[in-house]
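# Fold and contact review
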Amino acid sequence: MLKRIVLLGPPGAGKGTQAEQIAKALGVPHLSTGNILRAAITNRTSIGLAAKEYMDKGQLVPSAVVFESIRETLETVPGYILDGFPRTLLQAEVLTGLAASRNEPVQAALLISVPDEVIIDRLASRRSCPKCNTIYNLKSKPPIKDETCDACASPLLLRNDDRPEVIAYRLEQYAKEISSVIDYYKGEKILHRIAGDLPPEQVTEKILKVLE
Ligand code: AMP
């Protein structure tokens, strides 16, 4: 099984949900730069302070800040599923540089694609647990108790950047940056496209087949 993997796809494609499953199946850590940055904001670290204003507006956080948030971990783990990184060509190149210095190249870039209208619907009903990062959907995967996390009983939140006016902007940003990242991994011959508009278990199955 391949075990150094990047997951690409628009916000709401199901990257977080899939990364959790794949990480469990492969026994590698799920590194979500979004989760790491949100935790940094909660803990008021210098990385969190630098990231907050960008994240609230749905803008990309400067690459140096994002890279700083994962560099140490990436330098030590034997495998990973990276969710939300790289988001730009520069980030893809930086990741390749780090991987090359350890002689452990990225082995697969999985692109999960989902139509825009499905994404907008999914994000508006997405709720996240700020404490344990469990993701719910009020329509397709509601919590047992109203707006409360099943796993840790914290009140669920609509992320600031999942507000409808910010979603449109995030999708625009994604479209602007991602094509160069896709071309980059195509050039490396490790890009795989996965249809994300299916029940989550079926998407996981497809991904695991690709990684075999
Ligand atoms: P996510 O949880 O992946 O949707 O990310 C939430 C937000 O975190 C994004 O809208 C960005 O503001 C920031 N972020 C996460 N990963 C990156 C990245 N690789 N580059 C820049 N900003 C990022």
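Residues numbered from 1 in each chain as written. Predicted model: local features only at pLDDT ≥ 70, side-chain atom pairs only at ≥ 80, totals over all residues. Heavy atoms only, no water.

Judged by pairing direction, the sheet is parallel, and its 5 strands sit side by side in the order β2-β3-β1-β4-β7 without closing on themselves. Both outer strands of the open sheet, β2 (30-32) and β7 (191-195), are each paired with one neighbouring strand and no more. In this sheet, adjacent strand axes meet at a mean angle of 25° when their direction is disregarded. In this sheet, strand β4 (residues 108-113) lies alongside strand β1 (residues 4-8) in parallel orientation, the contact comprising 4 bridges. The residue bridging L8 from the neighbouring strand is L111, located in β4. Relative to β7, helix α8 (residues 200-211) is tilted by about 160°, and along the sheet it contacts β1, β4 and β7. (Pairing = 2+ DSSP bridges. Helix = DSSP H or I, 4+ residues; strand = E, 2+ residues; numbered from the N terminus. Axes fitted to C-alpha atoms, helices over the stretch in contact; angles between N-to-C directions. Contact = heavy atoms within 4.5 Å.)

For the protein, mean pLDDT is 94; residues scoring 70 or higher make up 100% of the total. When pLDDT is averaged over each helix and strand of the protein, the minimum, 90, is found for helix α6 (residues 116-124) and the maximum, 98, for β1. (pLDDT = per-residue confidence, 0-100.)

Turning to the packing of aromatic side chains, a few remarks are in order. According to the stated counting rule, one finds 2 aromatic pairs in the structure shown. Judged by centre distance (6.2 Å) and plane angle (25°), the ring pair of F67 and F85 falls under stacked. Residue F67 is found in helix α4 (residues 63-76), and its partner F85 is found in the loop between β3 (80-83) and α5 (89-101); the two are separated by 18 residues along the sequence. For the residue pair F67 and F85, the accessibility class agrees, reading buried in each case. Here the aromatic rings of Y184 and Y185 are separated by 5.2 Å at their centres, their planes lie at 80°, and the arrangement is edge-to-face. Like Y185, Y184 is buried. (Phe/Tyr/Trp six-rings, centres within 6.5 Å; stacked < 30°, edge-to-face > 60°. Buried < 20%, exposed > 50% of the residue type's maximum accessible area, 1.4 Å probe, protein only.)

Ranked by internal contacts, the top residues of the largest apolar core, which has 30 residues, are V6, L8, L74, Y80, L82, L95 and Y185. At the level of elements, β1, α3 (46-57), α4, β3, α5, β4 and α7 (164-187) are the ones that each hand at least two residues to this core. With 6 residues, the single largest contributor to this core is α7. Ignoring any residue separated from it by four or fewer positions in sequence, one finds Y80 in contact with K3, R4, I5, V28, P29, L31, L74, L95 and V106. Listed in part, the 21 residues of the second largest apolar core include I5, I81, V114 and L123. (Core = buried A, V, L, I, M, F, W, Y, C linked by side-chain atoms within 4.5 Å.)

All right, on to the environment of I178 then. Within the secondary structure layout, I178 lies in helix α7. With 73 residues separating them along the chain, I178 and P105 place their C-alpha atoms 20 Å apart.

The full count for this structure, using the stated rule, is 0 disulfides. Not part of a disulfide, C132 finds its nearest cysteine sulfur in C149, a span of 3.7 Å. (Disulfide = S-S within 2.5 Å.)

Mapped onto the secondary structure, S113 falls in strand β4. Residue S113 is classed as partly exposed on the basis of its relative accessible area, which comes to 38%. Between the C-alpha atom of S113 and that of T42, which follows or precedes it by 71 residues, the distance is 30 Å.

Further remarks concern the site of the ligand. The immediate surroundings of the ligand are formed by 16 residues, with T33, Q59, G84, R87 and Q91 found nearest. T33 is positioned such that a nitrogen or oxygen atom in its side chain is 2.8 Å from a nitrogen atom of the ligand. Between the ligand and the protein, one listed contact pairs a nitrogen atom with a backbone N or O atom of V61 at 3.0 Å. In the complex, the protein chains occlude 96% of the 480 Å² of accessible area that the ligand would expose alone. Element by element, the count of residues in the shell around the ligand is highest for helix α2 (residues 33-42), at 4 residues. Its residues assigned to classes, the shell around the ligand comprises 6 nonpolar, 5 polar and 5 charged. (Near = heavy atom within 4 Å. Polar contact = N/O pair within 3.5 Å; in protein donor to acceptor, adjacent residues only side chain to side chain. Areas by Shrake-Rupley, 256 points an atom, 1.4 Å probe, with all protein chains shown as cover. Nonpolar A, V, L, I, M, F, W, Y, C, P; charged D, E, K, R; others polar.)

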